[in-house]
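# Descriptive analysis of the structure
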Amino acid sequence: MFSFNKRDLNLLTTPITLEIPLYQRSYAWTLNEQWKPLWEDIKNIYESASLGDGKTTQHFFGTIILQHEARDAGEGQKFLVIDGQQRLTTIQIFIAAFRDVRESLFYSNVDNKSSSFVSSNNYLINHETYNRKAEPKLRPSKRDTELFNMIIKEGILSPLISDILKDENNSVLTKFFTYDELLPGEKSSVTKKISEVFKSNSSLIVAYCYFYWQIKSYFAERKLEEKQVQKFWDLFIGGFEFASIELAKDSDPQVIFECINGRGVPLLAIDLIKNHIFLKTSKTDHDLDQLYEKYWSKFNEDIWSEDTRIGRFKIPFADVFLLHYLTSYNIPNLKVERLFNHYIHWTENDNFPFKHNIEQEMADVVNNSEYYKLLITGSENNDVPFYNFLRRFDHSTPFPLLMLLNRLKIEKEQFSAICQMLESFLIRRFICGMPSQGLNHLFIYLINHISGSKTEPTATELTSVIHNSTNKAWAWISDEDFKQAWIENKLYKRSNSNQVLYILSQINDKMSNLPDPQLRDSTVSYKLNNPSVEHILPQEWEENWELSDNTQENRAKRDAALQTIGNLTIISGKLNTFASNKNWQTKKDSLQRNSQLKINDFERYSQWDENSISERAKDLFDYAQKIWKFWPNLRA
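Treat the numbers as computed from the prediction; the structure is a model and nothing was measured.

### A word on the nonpolar core
Residues Trp296, Tyr325, Leu402, Trp486 and Ile503 are the most contacted members of the largest nonpolar core, which totals 103 residues. The dominant element in this core, judged by the number of residues it contributes, is helix 17 (residues 412-431), at eleven residues. Residues contacting Tyr325, with those up to four places away along its chain left out, are Tyr343, Trp346, Phe354, Asp364, Val365, Asn368 and Met403. In terms of nonpolar packing, the next biggest core, distinct from the first, is built from 65 residues, Phe94, Ala97, Ile152 and Leu165 among them.

The following block contains the structure:
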């Protein structure tokens, strides 16, 4: 059961504890989206009353959803904040800023705190009683607690906040507003202090400073006296109304998790899932704090909030991970905008693997996220060359399949063989200029096959699955087509330098008799010092590389040849401009001096022209064909 109540901010004067569950996300409101509009609304309440008949203008602040909690004797009401934590946190910060501005303007010379200061604190802090200390009425999520309590209890008296507010030109605050866009060396010392000392959500401090400056400037510009400031306060407290939905302790609040008011920051699917899991956990004997620290705290890392693009959607990595995670479990017909619903539907199925073990459910999500992070960022100590290939070529479609294989814990040699097979399949398509659209369906097809099989997947088996599919767009590229494209296609024109460097470096490693990329230890994998791609026949060739028959047709052939792989090589750094564009003998000598790479052995080439480029491409193909081999259908 629940009750629906119309409230104003005077609710906060009662002995009340509003606790934000530890699993809720940290403070997320920002300047342009929420703080500025809120400040405009607060000013409008005062100005409307001042210009009109003096009556309070009501402002609806949205819906707050609370759940009753048991309380000890002598304590006031206690609620879990199911929805509305961002609004309640911001209002508390605003009240703290107002309290400190009013104190500094009218009571700075008084030793004891003024009655106005004490009155404002009634909205922020529960008074000390015989069985409890004076503590803030709002208990934020664990990550926000230290900074939030400092704002509420100390405010401007905090050395950290005081340092920021001494900056009359607001330059420090300006840096805060662009915090996420700044390079590490550009962050202010105060910003660094917040990040390093508190390792928490500095947006709380920024919000306080913003409201403090806005309130102080507003009062100063209008030369408001104490009586007018009191009126401003009374109108604000009485004018902000909200709807309070109060759930009984045994109610299930899950159904409202997706109901966020229009001005709020929408909850991510991963946030909704976290809430769902911890709500289930709260009804068991598990230690929530311990589980949160052991598992879900890993999602506090900044990388999970960074945006990326999936089709027409721009979503955080956390939700991209969730899309791939559900795909790896062969969940059909996934839609980005309904990931939470997909997850809930999956957990309600009889075949859900963690139906009777909440901790295993939580551990599986988090363990898969750690593996996913390795796929997208890499690690010097635990990286697979195929992962490097995927990052270089911006391929994320195999991620769900790799997540499944990782969970199955197949033996290392077989996993390496599967990676070799997949890289061969993808490289051949890349060289031939085949589109990557639709490959996600191929990997879903492979996941579906593995999920329905009772045996451990092998590279040979998955190769046959691809060969035997009816989708012609997934056909393996033959050696003949691979060779023709390798020699003729303008690789440099349609790829980035990282992709070309990857291909050429693998060729160089093969020439140097290093083990196959997927089988060698990553610590001995060939690494170049500041590598760059060099055109052997320069793109500006006219001055020193004359054509014997300078026809339009021959010029077109040369321009086409110079972008092919036969004319490309790797150097460390860059050749100087003089050597890069000089004649063949000068450039040949410079290349030999610049690099000892096997790929730069041009001793047998007395001249360099279109025929030489073609011959070198054929030589390189002999190695490419061994690295990215054709995997036959052994079941045919």
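Back to the text.
### Some points on the pattern of salt bridges
Pairing between side chains of opposite charge can happen when the charged atoms of each approach one another. Taken as a whole and assessed by the stated rule, the structure comprises 19 salt bridges. A salt bridge links Arg99 to Asp100; its shortest N-O distance comes to 2.9 Å. The residues Arg99 and Asp100 share a single accessibility class, namely buried. Connected via shared salt-bridge partners are Glu19, Lys78 and Arg139.

### Topic: the packing of helix 17 against helix 20 (residues 479-488)
Remark: helix 17 packs on helix 20, axes separated minimally by 9 Å, with the N-to-C direction vectors making an angle of 50°. Classified by the angle between their axes, helix 17 and helix 20 sit oblique to one another. For helix 17 against helix 20, the interelement crossing comes out left-handed. Contacts from Ile427, Arg428 and Ile431 of helix 17 reach helix 20 at Asp479, Phe482, Ala485 and Trp486. For the contact of helix 17 with helix 20, the class distribution of residues is five nonpolar, no polar and two charged.

### With respect to the side chain of Asn368
Topologically, Asn368 is positioned in helix 14 (residues 358-377). Residue classification places Asn368 among the buried residues on the basis of a relative accessible area of 3%. Within the structure, the side chain of Asn368 is placed 2.8 Å from the backbone oxygen of Asp364, a separation counted as a polar contact. Ignoring anything within four residues of it in the chain, the contact list for Asn368 reads Phe321, Tyr325, Met403 and Arg407.

### Quick notes on the pairing of strand 3 (residues 59-68)
Across the ten residues that make up strand 3, a large majority, seven, are buried. As paired elements, strand 3 and strand 8 (residues 240-247) share seven bridges and run parallel to each other. Bridge assignment links Ile64 to a residue of strand 8, and that residue is Ser244.

### Here we look at the environment of Leu147
When you line up the elements, Leu147 lands in helix 4 (residues 145-153). Among the residues examined, Leu147 registers a relative accessible area of 0% and is labelled buried. In the structure, Leu147 is positioned 56 residues away from Ser203 in sequence and 9.6 Å away in space, judged by C-alpha atoms.

### Describing unusual backbone geometry
Leave glycine aside and you will find that most residues have negative phi; peptide bonds, for their part, are mostly trans. Its identity is not glycine, yet Asn333 carries a phi of approximately 55°, on the positive side. Within the fold, Asn333 resides in the loop between helix 12 (317-328) and helix 13 (339-347). Of note, Asp394 is a non-glycine position whose phi angle comes to about 55°, a positive value. Secondary-structure assignment places Asp394 in the loop between helix 15 (385-392) and helix 16 (399-408). For Asp394, a relative accessible area of 69% puts it in the exposed group.

### Remarks on the environment of Gln420
Relative to the helices and strands, Gln420 resides in helix 17. Here the alpha-carbon distance between Gln420 and Trp628, two residues 208 residues apart in the chain, equals 7.5 Å.

### Focus on the confidence of the model for the chain
Mean pLDDT over the chain: 81, with 80% of residues reaching 70 or higher. Of the regions scoring below 50 in pLDDT, residues 519-526 engages in 15 contacts with residues more than four places distant in sequence or in other chains.

### What to know about helix 19 (residues 459-467)
Taking burial as the measure, the nine residues of helix 19 include seven buried ones, the bulk of the element. Of the residues making up helix 19, those classed as buried are Ala459, Glu461, Leu462, Thr463, Ser464, Val465 and Ile466. Where helix 19 is buried, its residues contact helix 17 and helix 18 (439-451).

### Considerations on the packing of aromatic side chains
Each pair of aromatic rings is reported with the distance of its centres and the angle of its planes. In the structure shown here, the tally under the stated rule is 53 aromatic pairs. Ring centres of Phe94 and Phe211 lie 5.4 Å apart, and the angle between their planes is 80°; this geometry places the pair in the edge-to-face category. With Phe94 in helix 2 (residues 85-106) and Phe211 in helix 8 (residues 203-222), this residue pair connects regions lying 117 residues apart in the sequence. The pair Phe94 / Phe211 is uniform in exposure class, with both members buried. Summarising the aromatic geometry, the rings of Phe602 and Tyr605 are spaced 6.4 Å apart at their centres and angled 55° between planes, so their arrangement reads as tilted. Residue placement shows Arg102 over the ring face of Trp233; its charged tip is 5.5 Å from the ring centre. Over the aromatic face of Tyr623 sits the side chain of Lys626, whose NZ or CZ is 5.9 Å from the ring centroid.

What counts as what
Residues numbered from 1 in each chain as written. Predicted model: local features only at pLDDT ≥ 70, side-chain atom pairs only at ≥ 80, totals over all residues. Heavy atoms only, no water. Core = buried A, V, L, I, M, F, W, Y, C linked by side-chain atoms within 4.5 Å. Buried < 20%, exposed > 50% of the residue type's maximum accessible area, 1.4 Å probe, protein only. Helix = DSSP H or I, 4+ residues; strand = E, 2+ residues; numbered from the N terminus. Contact = heavy atoms within 4.5 Å. Salt bridge = Lys/Arg side-chain N within 4 Å of Asp/Glu carboxyl O. Axes fitted to C-alpha atoms, helices over the stretch in contact; angles between N-to-C directions. Parallel < 35°, antiparallel > 145°, perpendicular 65-115°, else oblique. Left-handed = near helix turned anticlockwise from the far one by under 90°. Nonpolar A, V, L, I, M, F, W, Y, C, P; charged D, E, K, R; others polar. Polar contact = N/O pair within 3.5 Å; in protein donor to acceptor, adjacent residues only side chain to side chain. Pairing = 2+ DSSP bridges. pLDDT = per-residue confidence, 0-100. Phe/Tyr/Trp six-rings, centres within 6.5 Å; stacked < 30°, edge-to-face > 60°. Lys NZ or Arg CZ within 6 Å of the ring centre and 35° of its normal.

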